[in-house]
2 protein chains.
Amino acid sequence: MARAGLTAERLTRAGAELADEVGFAQVTVSALARRFDVKVASLYSHVKSSHDLKTRIALLALEELADRAADAVAGRAGKDALVALADVYRDYAREHPGRYAAAQYRLDTETARASAGVRHAQLTRAILRGYDLTEPDQTHAVRLLGSVFHGYVSLELGGGFSHSAPDTQETWIRTLDALDTLLRNWPAP
Amino acid sequence: MARAGLTAERLTRAGAELADEVGFAQVTVSALARRFDVKVASLYSHVKSSHDLKTRIALLALEELADRAADAVAGRAGKDALVALADVYRDYAREHPGRYAAAQYRLDTETARASAGVRHAQLTRAILRGYDLTEPDQTHAVRLLGSVFHGYVSLELGGGFSHSAPDTQETWIRTLDALDTLLRNWPAP
DNA sequence: ACTTTTCCCTAATGGCTTTAGGCAAATCGG
DNA sequence: CCGATTTGCCTAAAGCCATTAGGGAAAAGT
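What counts and how
- Residues numbered from 1 in each chain as written.
- Chains lettered and ligands numbered in written order.
- Predicted model: local features only at pLDDT ≥ 70, side-chain atom pairs only at ≥ 80, totals over all residues.
- Heavy atoms only, no water.
- Phe/Tyr/Trp six-rings, centres within 6.5 Å; stacked < 30°, edge-to-face > 60°.
- Buried < 20%, exposed > 50% of the residue type's maximum accessible area, 1.4 Å probe, protein only.
- Core = buried A, V, L, I, M, F, W, Y, C linked by side-chain atoms within 4.5 Å.
- Contact = heavy atoms within 4.5 Å.
- Buried area = accessible area lost by both parts, 1.4 Å probe.
- Salt bridge = Lys/Arg side-chain N within 4 Å of Asp/Glu carboxyl O.
- Polar contact = N/O pair within 3.5 Å; in protein donor to acceptor, adjacent residues only side chain to side chain.
- Helix = DSSP H or I, 4+ residues; strand = E, 2+ residues; numbered from the N terminus.
- Least-squares fit on C-alpha atoms with pLDDT ≥ 70 in both.
- Axes fitted to C-alpha atoms, helices over the stretch in contact; angles between N-to-C directions.
- Parallel < 35°, antiparallel > 145°, perpendicular 65-115°, else oblique.
- Nonpolar A, V, L, I, M, F, W, Y, C, P; charged D, E, K, R; others polar.

1. Re the packing of aromatic side chains
Residues and elements named next belong to chain A. In this structure the tally under the stated criterion is 8 aromatic pairs over all chains. Centre to centre, the rings of Tyr152 and Phe161 are 5.0 Å apart; their planes meet at 55°, and the pair counts as tilted. The two residues Tyr152 and Phe161 agree in class, both being buried. Three or more aromatic residues link up through ring pairs in this structure, and these residues are Tyr152, Phe161 and Trp172.

2. Considerations on the nonpolar core
Counting 104 residues, the largest nonpolar core has Leu128 and Phe149 of chain A together with Leu128 and Phe149 of chain B as the members making the most contacts within it. Setting aside chain neighbours within four positions, we find Leu128 of chain A in contact with Leu133, Gln138, Ala141, Val142, Leu145 and Leu183 of chain A. Ala16, Phe24, Ala33 and Leu43 of chain B belong to the second-largest nonpolar core, a separate cluster that totals 18 residues.

3. Remarks on the interface of chain A and chain B
Contacts between the two partners involve 37 residues from chain A and, on the opposite side, 37 residues from chain B. The largest share of the area that chain A buries against chain B comes from His140, Arg143 and Arg174 of chain A, three residues that together contribute 26% of it. One salt bridge in this structure joins Asp137 of chain A and Arg174 of chain B, with 2.7 Å as the shortest N-O distance. Counting the contacts that link chain A with chain B gives 14 residue pairs in polar contact (both at pLDDT 80 or more). Elements that contribute at least two residues to the side of chain A that touches chain B include exactly helix H9 (135-157) and helix H10 (168-184) of chain A.

4. Section: the relation of the copies chain A and chain B
Two chain copies, one operation linking them: a rotation about an axis together with a shift along it. The two copies are related by a screw operation: chain A maps onto chain B through 180° of rotation and 0.0 Å of translation along the axis, at an RMSD of 0.0 Å. Interpreted geometrically, this transformation is the action of a two-fold axis. Taking C-alpha positions as the reference, the residue of chain A nearest the rotation axis is Gly151 of chain A, at 1.8 Å. Mapped onto chain B, 100% of the interface residues of chain A are again interface residues, and the two copies thus contact each other with one and the same surface.

5. Quick look at the side chain of Asp20 of chain A
All names here are of chain A. Following the sequence through the fold, Asp20 ends up in helix H1 (residues 8-22). The class for Asp20 is buried, based on a relative accessible area of 19%. Polar contacts involving the side chain of Asp20 include one to the side chain of His96, which spans 2.8 Å. Apart from the residues within four sequence positions on either side, Asp20 is in contact with His96, Pro97, Gly98 and Arg99.

6. Quick word on the packing of H1 of chain A against helix H2 (residues 29-36) of chain A
All names here are of chain A. Put simply, H1 and H2 touch, their axes get as near as 10 Å, and they point 105° apart. Considered as vectors, H1 and H2 are oriented roughly perpendicular to each other. Contacts between H1 and H2 involve Arg10, Leu11, Ala14, Gly15, Glu17, Leu18 and Glu21 from the former and Ala31, Leu32, Arg35 and Phe36 from the latter. A class-by-class count of the residues in the contact of H1 with H2 yields 6 nonpolar, 1 polar and 4 charged.

Okay, here's the thing in structure tokens:
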């Protein structure tokens, strides 16, 4: 019988697409097998488990996101860089909600350390070069920016912002303005 | 045979405890049945489905959280209120990670509208009375604060902050300082 | 061409969800 | 009180998902 040509990479990519279509939580070994028109057990030659599959999708998403982020930050500085980076996260989440959710998948310590996750922190730290912050404050600021980006995006995606009043695009712009102002006037301890 | 005395409320409370112990994602009708030493099917007289159970736990968490928040904000203003409210979220998430995750469970529109979720927005808006913001800016600020609180807490809980350098408590304090500064110097459009 | 490896399949187990239908316990009406 | 009704938990069963064991055929290597 003809072979389907499965590989861990193809499964991961298809899993990412599936996540965007039906939600990361609904990504299942069975659903993926159906998508390849193949029996479920066949996937287990390529991925160790459901957890392994999800981890691979998470790593893919983290890498895509870091690539986009690196691209956006390159050649920009200050508020320009800040906005570009922030938009990468927000746009990615809107274009690829399933992948964005995957990027939040809890990785064990060593997997996380080897992931593109570390690049994210570096990129965020990079845009802070355009602002005048002392070393420990940079770390605080990195965490703050991460919190705002992630928090905003996940609330917006989850419908946490009532679809009322000022639209979310306006809030986003004002939020980035506010962050820029804040970084330029970072309060002393 | 003796009855177990199940009710939707007891199941919900036990489900919340279970969530804190093993994670919200691991809360399952089966696990809950085991906890009550009862057969799985028995629970279906009290909750409609797994989704119904999770929704109830989410609503419980949202209410507990809103109660604590209301308590914290009462009699405080300005930065004092800001810090108190923020600490409620963070402390709740640390004490009850499963419940906190439950509070993030996606509710359908009408359930959300009837939930304590709306109280949260009101409470956040309330602390902004201590700052001088125009009406539309209040909404933006509510969303920003929600983003920071949620983003920070979920990153911290998920291990998103490498356990390195300055500890997270310090970052938290500096983050709240920063937010206070920001609200007092809210940039014009 | 033949051997070895790789890939996908069948078969089977066990867990979770959900529905249908039954018997006993609690509750109620006279 | 006691029979009738309602309520609560059970057994049974079907369906979906995850995972493992072992087999046979296609692809790759010699």
